[in-house]
Amino acid sequence: MADFGGDLDGFRAEARGWLEANFPPSMKGRVGIMYEEGRGPSDPDFRAWVKAMGEKGWGVPTWPKAYGGGGLSKDEAVVLRQEMQRIGAWSPIGGMGVMMFGPTLLEYGTEEQKHRHIPSIVRADIRWCQGFSEPGAGSDLASLATKCEDKGDHWLVNGSKIWTSGAQYADWCFCLVRTDTTKKHEGISFIIFDMKTPGIEVRPIKLIGGNSPFCETFFTDVKVPKDALVGPLNGGWAIAKRLLQHERSGIAGGSGSGARGLFGTPPVEAAKTYVGVDEQGRIADGELRSRIASHEMDAKAFALTIVRAGAEARSNQGPSAASSIMKNVGSAVGQQRAELLLEIMGHQGLGWDGEGFDEAELTAVRTWLGGKATTIYGGSFEIQNNIITKRILGLPDPLSNASH
Amino acid sequence: MAVLTEEQSMLRDAARTWTQEKSPVTAFRKVRDSGSAIGYDPAAFAEMAEMGWTGVIIPEAFGGSDFGYLSLGLILEETGRTLTASPLLSSALAAASAIILGGNDAQKEAWLTKIASGEIVATLAVDEGAHHNPEKTALAATASGAGYSLSGKKTFVLEGGAASLFVVAARTAGKAGDRDGITLFLVPGDATGLSRQTLKLADSRGVANLTFDNVQVGADAVLGEAGKGWDLLDKTLDRARAGLAAEMLGAALQAFEVTLDYLKVRVQFGQVIGSFQALQHRAAKMFTELELARSCVEAALTAIDENAADTAELVSLSKAKMGDVLHLVSNEMVQMHGGIGMTDAHDAGLYIKRARAAEATFGGQAFHRDRYARLNGY
C-alpha cells in the first residue's frame, strides 16, 4: 500500500472510525441488493446505510462539498475505498444520477441547476432516467426526432423514447431533444424534467430475461419550464458525448451491469461441482478446462489493463489509449463468463423458475440473458469499434457512393 | 505503456533510436540472406554490449547495471520491432538469470562479467523434443569420479551455434516427468563429447540441436543444488518467457503499425481500403488485443522485478496472450497486404515466420494455458 504521509493517515483513521460506526454489518458483501428491481430495497439496514452515506457525501467522495459531495481529494478517495474494502463495505449511492448525469451537470450546469439537483443525487433521494435512444435512433443516436419547441414561457415536448432504463421508477429524466430540424448534430439540445409532468406515459418492455429494466416513454404536449435547458440551445450533442463517456467507463468498470456477471458463481468452482475433477485435481473435461482457463486469462488481462490505464492517467502521460477498449472488453468478458457458467451447469443452468433449481442456477440464466444488452446499449460493440478506428487509428469514413 | 522511471525512459529512447538507425529490418534481412550459421551480426551485438544492454539485469559487482527485467523488456520490445536477431534474450537474459539465481560466487565471478561485457554468449539448453516440456527432462547426468558424465540430447537451443557456455537441464535422479532429480549444469561449448548441429528454421535465427556423449564435468559445474534444480529452472524459464513476450510485443506492434499504414494508402474502388468497415473492425480488434497484451507483459516483468508471489501466473498469462496476439496480427499483416504480403521482398513474411517460432519457444499458448490453470488449482 502506498504511503500517503501524515495527513492521509489522519484521514484514514477518520474514515475507519466513521465506517465502523455507520456501516451495518448485515450489509457486508451484499452489494447485489443494489441491483434488485424496483424503487430500492426496503431493508432497514440498507435504508440506514443509504442515509448515512448520503449525508456524509461519501457515495460520491470527490464531488464538491458545496453541492453535498464528499469534497475529498483523489488520494483521500483511494484511502476511503481501501477502508471500505477492508470491512466489506460498498457504496449504496448509485444509479444514473451518480454514474452519468451528476458528473455531466457538474461540468455543464448553471450554479442554480447544480444546487438544485446535485444534493438529491448525493443522498439518493431522486432517481434519474436517460431519454436518449428512440425507435428510429439507436446506434445512430443523432438522428433522434423528439421535438422540443420554444413556446415563449415554456418548452413543448412531443415524441417518444425507448430503452429508457428504470423509467417506471424514475423521478426525473435527462433527455436529448430536437430543437432545430434543419441540422443533425447541431439541432440537438439537452433538457431535464420531472417525470410526473402531465403528458408523459411509461410502458415497461419485457425482455428475454423475463424482467423489464427498460421502458418505452411517450411525450404528448409535455410542458417543460424554460430553466430545464442544460448548456446552450442546440449544444446538446457535445454534452451527450461527454455523458456517454461516463456511461461507458461505468459499464466497463463494474459500476454498471457489464461486469455484473463477475459477481456470480466463479466458473472454476462451478466446474468442479458440475463436471468434477480428475485424479490430479484438474477439471475433468479437458476441452472445457482449456476454455475456462482462456476466459480467466482474458478476465485477468482486462483487470490488469484497468490498473495500467489508472496508473497512466494518474501520471503525466495524459489519458490512456487503453481506456477506449474498456467498454468492449468488459462487456465481452462478462458475456463470456455468463455463457461459460451456463454451459458448465448444463440443463441445471437453464432453469427458469420454480422447483428443482437453486438460487445460483436461476441467477445464471437471467444473468446470461440480461448481459446480452451490454454489447448493445451505451454505444454498441460495433459503434465502439468505429470510435477506435476513427479516433485512435485515424482511419477514414467510407465514401457513401462507393461501388464495393 | 507502464509508468517509467527517467532511467527507463532514456534506455527505451536509446534502444528505439539504435534499432531504427542501426538495426532496421533490412539489417536482419542481410543476416538471413548471408546464410549466417550463427543467425546474427556479431558486430551489431558488440554495439549492444557496448551500450550496456547485456548487463541490464546483472548486478553491478559483476559489471552490470542491475536495472531490472522491465528495463530489459523495454529494450527487447524495441529489438522485436525491427526483428533484430541477437543473443540478448538467450545470453544476457535467460542464461544470466540462471546464474544470478542459482550461481555461487565463483560461478558468478567466472561467467556474469563475461556475459555482461558481451565477451561470451551463453544460453539455456532445456528442451529435448519438438515441444517445450521441462518436466520431461531426460538427459542423463551420472556420477563419474568427482563430477558427472552427461549423455543425451537437447533440441532447438537458442543461439546454439554461437554459444560458448550452455546452462543444461539434466536428470541426476528420477524419471522423465518428475520435478525431483533435475539438476542444472554449466557446460562450456568446447567440452569433449559435446557436438552441435545448427538448424535452419523458417525464422532464420541461430538455433541448434546438441548431442552429449559422455561429456565430463566437475562437481563445480552444478548450478544450485544437485537434484533440486526444478525451482531454479522454473524461475529461470519464467524470466526468459517474460523477456521473449516483450520481444513479441514489439514485433506485434510493428506488424500492426505497418499494416495500419498500408490501410491508409492502398486505394481500391476509388478509396483507401482502410475506409472499409470490414477491415476497420479487424484493425480495432488488433488494437484492443495489443492493449490487453501490453498490460500482461508489463505486469509479468514488473512482478519479476518485485519478486511477487504471482509471478509464474502472470508470466504464463503474458506468454499465452502475447502468442495469441502476435499470431493474429502476423496473419492479418499478410492478409491485409494482399498479394504484396506474400512476396519475400515484403516484411510481412519475416514477421509471420518469427511469430510462429517465438510462439513455440519456451512454451506455446496451449502449454501456458494449462500451466495457468494448474497454478490456479484446476
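Residues numbered from 1 in each chain as written. Chains lettered and ligands numbered in written order. Predicted model: local features only at pLDDT ≥ 70, side-chain atom pairs only at ≥ 80, totals over all residues.

Draft legend 1. Highlighting the overall build of chain B. The number of helices and strands found in chain B is eleven helices and ten strands. If one aligns the C-alpha atoms of chain B with their principal axes, the spans along those axes are about 80 × 50 × 40 Å. Counting across all 378 residues of chain B, residues that qualify as buried make up 55%. By sequence separation, contacts in chain B at least 24 residues apart represent 75% of the contacts at least 6 residues apart. (Helix = DSSP H or I, 4+ residues; strand = E, 2+ residues; numbered from the N terminus. Buried ≥ 20, exposed ≤ 12 C-beta atoms within 10 Å, placed from the backbone. Contact = placed C-beta atoms within 7 Å.)

Draft legend 2. Quick look at the overall build of chain A. On a plain count of helices and strands, chain A comes out with eleven helices and eight strands. Against the 2.2 N^0.38 benchmark of 22 Å for 404 residues, chain A shows a C-alpha radius of gyration of 23 Å, consistent with a compact globule. Scored against the burial criterion, the 404 residues of chain A give a buried share of 41%. Restricting the contact set of chain A to residue pairs at least 6 apart, pairs at least 24 apart contribute 68%. (Rg over C-alpha atoms; globule rule 2.2 N^0.38 Å.)

Draft legend 3. Main features of the interface of chain B and chain A. The interface is formed by 34 residues belonging to chain B together with 38 residues belonging to chain A. Elements with a minimum of two residues in the side of chain B that touches chain A: α7 (230-265), β10 (271-272), α8 (277-305), α9 (311-337) and α11 (365-375) of chain B. Considering every element that reaches the side of chain B that touches chain A, the biggest residue donor is α8(B), with 13 residues. In the side of chain B that touches chain A, the residues fall into 18 nonpolar, eleven polar and five charged. (Nonpolar A, V, L, I, M, F, W, Y, C, P; charged D, E, K, R; others polar.)

Draft legend 4. Quick peek at the pairing of strand β4 (residues 172-178) of chain A. Residues and elements named next belong to chain A. Of all the seven residues making up β4, seven are buried; the element is thus mostly covered by neighbouring parts of the structure. In β4, alternate side chains face the same way, and those of W172, F174, L176 and R178 on one face and C173, C175 and V177 on the other are all buried. As paired elements, strand β1 (residues 128-131) and β4 share four bridges and run parallel to each other. Each residue of the ladder has a partner; that of W128, found in β4, is W172. In terms of strand pairing, β4 meets strand β5 (residues 188-194) through seven bridges, oriented antiparallel. Across the sheet, residue C175 finds its bridge partner in β5, namely I191. (Pairing = 2+ DSSP bridges.)

Draft legend 5. Looking closely at helix α10 (residues 348-360) of chain B. All names here are of chain B. The end-to-end C-alpha distance of α10 is 19 Å, a good match for the 18 Å that 13 residues give at a rise of 1.5 Å each. Along α10, the residues that are buried comprise A348, L350, Y351, I352, R354, A355, A358 and E359. Note on α10: the residue one or two positions beyond its end, F362, has a positive phi of about 55°. (Expected span 1.5 Å × (residues − 1).)

Draft legend 6. The domain arrangement of chain A, seen in detail. For chain A, the assigned domains read domain 1 (11-92), domain 2 (128-234) and domain 3 (256-392). A separation of 26 Å is found between the C-alpha centroids of domain 1 of chain A and domain 3 of chain A. (Domains from an automatic or database assignment.)

Draft legend 7. Looking closely at the packing of helix α1 (residues 6-22) of chain B against helix α4 (residues 69-81) of chain B. Residues and elements named next belong to chain B. Interhelical geometry of α1 versus α4 gives an angle of 20° and a closest axis separation of 9 Å. The pairing of α1 with α4 is recorded here as roughly parallel in orientation. Here α1 and α4 pass one another in a crossing that is right-handed. From α1, Q8, L11, R12, A15, R16 and T19 reach across to α4, where they touch L70, S71, L74, I75, E78, T79 and R81. Class assignment for the residues of the contact of α1 with α4 results in five nonpolar, four polar and four charged. (Axes fitted to C-alpha atoms, helices over the stretch in contact; angles between N-to-C directions. Parallel < 35°, antiparallel > 145°, perpendicular 65-115°, else oblique. Left-handed = near helix turned anticlockwise from the far one by under 90°.)

Draft legend 8. Structural context of the domain arrangement of chain B. Residues and elements named next belong to chain B. Domain boundaries assigned for chain B yield domain 1 (6-120), domain 2 (124-228) and domain 3 (231-375). Look at where the C-alpha atoms of domain 1 and domain 3 centre, and you get two points 21 Å apart. On the domain 3 side, the residues contacting the 21 residues of domain 1 number 25 residues. If you list the elements that add at least two residues to the side of domain 1 that touches domain 3, you get α2 (25-34), α4 and α5 (88-102). Residue composition of the side of domain 1 that touches domain 3, by class: twelve nonpolar, six polar and three charged.

Draft legend 9. Looking closely at the pairing of strand β2 (residues 147-150) of chain A. Residues and elements named next belong to chain A. Pairing analysis gives four bridges linking β2 to strand β3 (residues 154-165), with the strands arranged antiparallel. Bridging across to β3, D150 finds its partner in W155. Hairpin connection of β2 to β3: three residues between the antiparallel strands, including G152 at a positive phi of 85°.

Draft legend 10. Representation of the confidence of the model for chain B. Mean pLDDT over chain B works out to 97, with 100% of the residues at or above the 70 mark. Here the predicted complex carries an ipTM of 0.95, next to a pTM of 0.88. (pLDDT = per-residue confidence, 0-100.)

Draft legend 11. A look at the packing of α7(B) against α8(B). All names here are of chain B. With their axes 10 Å apart at the nearest point, α7 and α8 run at an angle of 155° to one another. Put simply, α7 runs roughly antiparallel to α8. The interaxial crossing formed by α7 with α8 has left-handed handedness. Two secondary-structure elements touch here, α7 through R239, A242, A245, A246, L249, A252, L253, F256, L260 and L263 and α8 through L279, A283, M286, L290, A293, R294, V297, A300, L301 and I304. When the residues that make up the contact of α7 with α8 are grouped by side-chain class, the tally is 18 nonpolar, no polar and two charged.

Draft legend 12. Region of the structure containing the nonpolar core. B:L150, B:V167, B:V168, B:F185, B:A252 and B:A300 are the most contacted members of the largest nonpolar core, which totals 154 residues. Looking at this core element by element, the count peaks at 18 residues for α7(B). Formed by 63 residues, the second largest nonpolar core is a distinct cluster that contains A:A15, A:C148, A:M195 and A:W237. (Core = buried A, V, L, I, M, F, W, Y, C linked by C-beta atoms within 7 Å.)

Draft legend 13. Representation of the environment of B:R12 in the model. Note that B:R12 resides in helix α1. As a C-alpha pair, B:R12 and B:L74 span 62 residues in sequence and 5.7 Å in three-dimensional space.

Draft legend 14. Region of the structure containing the environment of A:A373. Residues and elements named next belong to chain A. Summarising the element assignment, A373 is placed in the loop between α10 (359-370) and α11 (381-392). Its 20 C-beta neighbours within 10 Å are what place A373 among the buried residues. Note: C-alpha distance between A373 and Q335 (38 residues apart in sequence) is 9.5 Å.

Draft legend 15. Just the confidence of the model for chain A, in detail. Considering every residue of chain A, the mean pLDDT works out to 90; 91% of them sit at 70 or more. In the model, residues 254-261 of chain A has pLDDT below 50 throughout and makes 24 contacts with residues more than four positions away in sequence or in other chains.

Draft legend 16. Region of interest: the environment of B:S9. Residues and elements named next belong to chain B. Among the structural elements, S9 can be located in helix α1. When the 13 C-beta atoms within 10 Å are taken as the criterion, S9 is described as partly exposed. Remark: the alpha-carbon pair of S9 and G250, spanning 241 residues in sequence, is separated by 16 Å.

Draft legend 17. Region of the structure containing unusual backbone geometry. Residue and element names in this part refer to chain B. A positive phi is found at D66, a non-glycine position, where the angle reads about 55°. Unlike most non-glycine residues, F362 shows phi in positive territory, near 55°. In this fold, F362 is placed in the loop between α10 and α11. By C-beta crowding, F362 is classed as buried, having 27 other C-beta atoms within 10 Å.

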